[in-house]
Amino acid sequence: MVPRYVIDFKLTELETYKTDVLVIGSGIAGLYTALKVSEQCDVILLSKTDLMQSNTRYAQGGIAAVTAETDSPELHRQDTLIAGAGICSNEAVEVLVHEGPSCIEDLIEYGTNFDKEDGALALTKEGAHSRRRILHAQGDATGAEIVRALSERARENKRITIWENHFTYDLVTHQGECTGALVRKPDGSTIYVRANATVLATGGAGQLYRYTTNPEIATGDGLAIAYRAGAYIKDVEFIQFHPTALCYPGAPRFLISEAVRGEGAVLRNMKGERFMEKYHSLKELAPRDIVARAIVSEMESTGSTFVYLDITHESEERIKHRFPNIYKVCLRYGLDMVTDWIPVAPAAHYIMGGIKTDLYGETATKRLFACGEVSCTGVHGANRLASNSLAEALVFGRRIAERIKTMPDIGNEVPAISFSLMRQQTMSSDTIMERKLRLQKLMLTHVGLKRNEKGLTKAVRELERYVKAFRMKIDRPEEAEYLNLLTCACLVANAALLREESRGGHYREDFPKRDDLVWRKHIVQSIEDGVLEERNTNENE
């Protein structure tokens, strides 16, 4: 059983800091929300490493928003709902497609330099989009450019105090409200940060899997600490595996952006045959879950561990201009996109579910908000439409700021909260590495791209054995990260076992069909209320 807190403490004995708003996470969601909130409030922006380390930094393809006259919010809405496989929130999608364009204007005002062609914003097309609506920067370094601009603004802002290399152990709750967080300082001491409102913007949980496009920091921290604090966790069985991650000896699972296929690249199996037309009418630009499973099917039929991505028909000038970063990384490992087919395979990329929020980012735990990949606003449904994630972070970050500005002060009194499991035994660094690798392999094998009852049941039972680690004393962030991954793994595996159908990013070999009659609903998990079901009432997709 997952306990309420991962450390033993007495709140009244900890050094206390007070702020209007505590923002945990420094990707696009955390930075943008902090900037918006700072218009009226003082903010502590907390990053567990340095400010530039986040999933956003590695986002290549771009950000989806309606900016062209040939496009419309209605078309963007339709594309999002189709990709989401019947369980998106219509209301949340409406918010996204109508408010996204003005958020792009904010980014430009903050100093983001998007690519342009003939003086207008350059747009590309990605999988399942019916129009060219993806804005990008420096060719394939969109996330890095956005983080650069926002972090510079945040550092200049006198109402934002930035704490780098601070790790959040857990959220503190009192009488049903979140009152702040237990935070580990760089010197190893634990403090209590008391806040009128707390925003989780901690990104995803790609490190659940052995192969992922996410950086090492993506350990599901926000999702896990929110669950332990009583928030509802929704739709976490839907994991998006990006179809095309570099798969080459000695190289990391580096993301090869969907924009490469958007610009005309094709997929070929080991025989050199183009195969996507067998699986979907949109071929290489089909929704990601379909492309990823198609690649796995081809790998299985040919006995290979990868397929090829081929853009050699494009000019050298075009490839180097549009994908400079991808080109350089491939070249570093002896692969030339201009002349070589690039070996690729699916890798864990994005979690569609997360902390359940309303349309203003607030969770079931009062004064606790979630934004970005860690949240579940209902926008993505069972399968995120490419490049909607950065837009979602902006739109709902701004809405969170609107809600927070109206909240009353929580006061300065520190409640007499304590927690103890009498933890004594500690974990060594080697033990943590072993435990993490074992968990990742378990998730990859049984809770990965293809699932079935036998494998999921085995995963759930094995994870139940791992839970005893919560009774161990932790002293370092990596130990807490492992416990957070373990929390997330339990939530994902349980939800995947319960959902007896295939939909979007959740594929069951024993239930290969989508079942709208029974399963057009959401699985919601709570540390206090157990497993709940929430019916999706949308009539249209």
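Residues numbered from 1 in each chain as written. Predicted model: local features only at pLDDT ≥ 70, side-chain atom pairs only at ≥ 80, totals over all residues. Heavy atoms only, no water.

**Let's talk about the packing of aromatic side chains**
Right, so step 1: Per the counting criterion, the structure on display carries 9 aromatic pairs.
Right, so step 2: Consider the rings of tyrosine 209 and phenylalanine 241, whose centres lie 5.2 Å apart with planes at 75°: the pair is edge-to-face. Placement of the pair is tyrosine 209 in the loop between strand S12 (190-200) and helix H5 (221-228) and phenylalanine 241 in strand S14 (residues 239-246), with a sequence separation of 32 residues. Grouping residues by exposure puts tyrosine 209 and phenylalanine 241 together as buried.
Right, so step 3: Taken together, the ring pairs in this structure connect Tyr5, Phe9 and Phe419 into an aromatic cluster. (Phe/Tyr/Trp six-rings, centres within 6.5 Å; stacked < 30°, edge-to-face > 60°. Helix = DSSP H or I, 4+ residues; strand = E, 2+ residues; numbered from the N terminus. Buried < 20%, exposed > 50% of the residue type's maximum accessible area, 1.4 Å probe, protein only.)

**A few points about the pattern of salt bridges**
Right, so step 1: Across all of its chains, the model carries 45 salt bridges by this definition.
Right, so step 2: Residue aspartate 42 is joined to arginine 159 by a salt bridge in which the shortest nitrogen-to-oxygen separation is 2.9 Å. Residue aspartate 42 is located in the loop between helix H1 (28-37) and strand S3 (43-46), and its partner arginine 159 is located in the loop between helix H4 (142-156) and strand S9 (160-163); the two are separated by 117 residues in the primary sequence.
Right, so step 3: The class for arginine 159 is partly exposed, based on a relative accessible area of 31%.
Right, so step 4: The shortest N-O distance in the salt bridge between glutamate 534 and lysine 356 comes to 2.5 Å. On the criterion of sequence distance, the pair formed by glutamate 534 in strand S23 (residues 530-535) and lysine 356 in strand S18 (residues 354-356) is long-range, its members being 178 residues apart.
Right, so step 5: In this structure, a network of salt bridges that share partners links the residues Glu237, Arg499, Glu501, Arg503, Arg514, Asp516 and Arg520. (Salt bridge = Lys/Arg side-chain N within 4 Å of Asp/Glu carboxyl O.)

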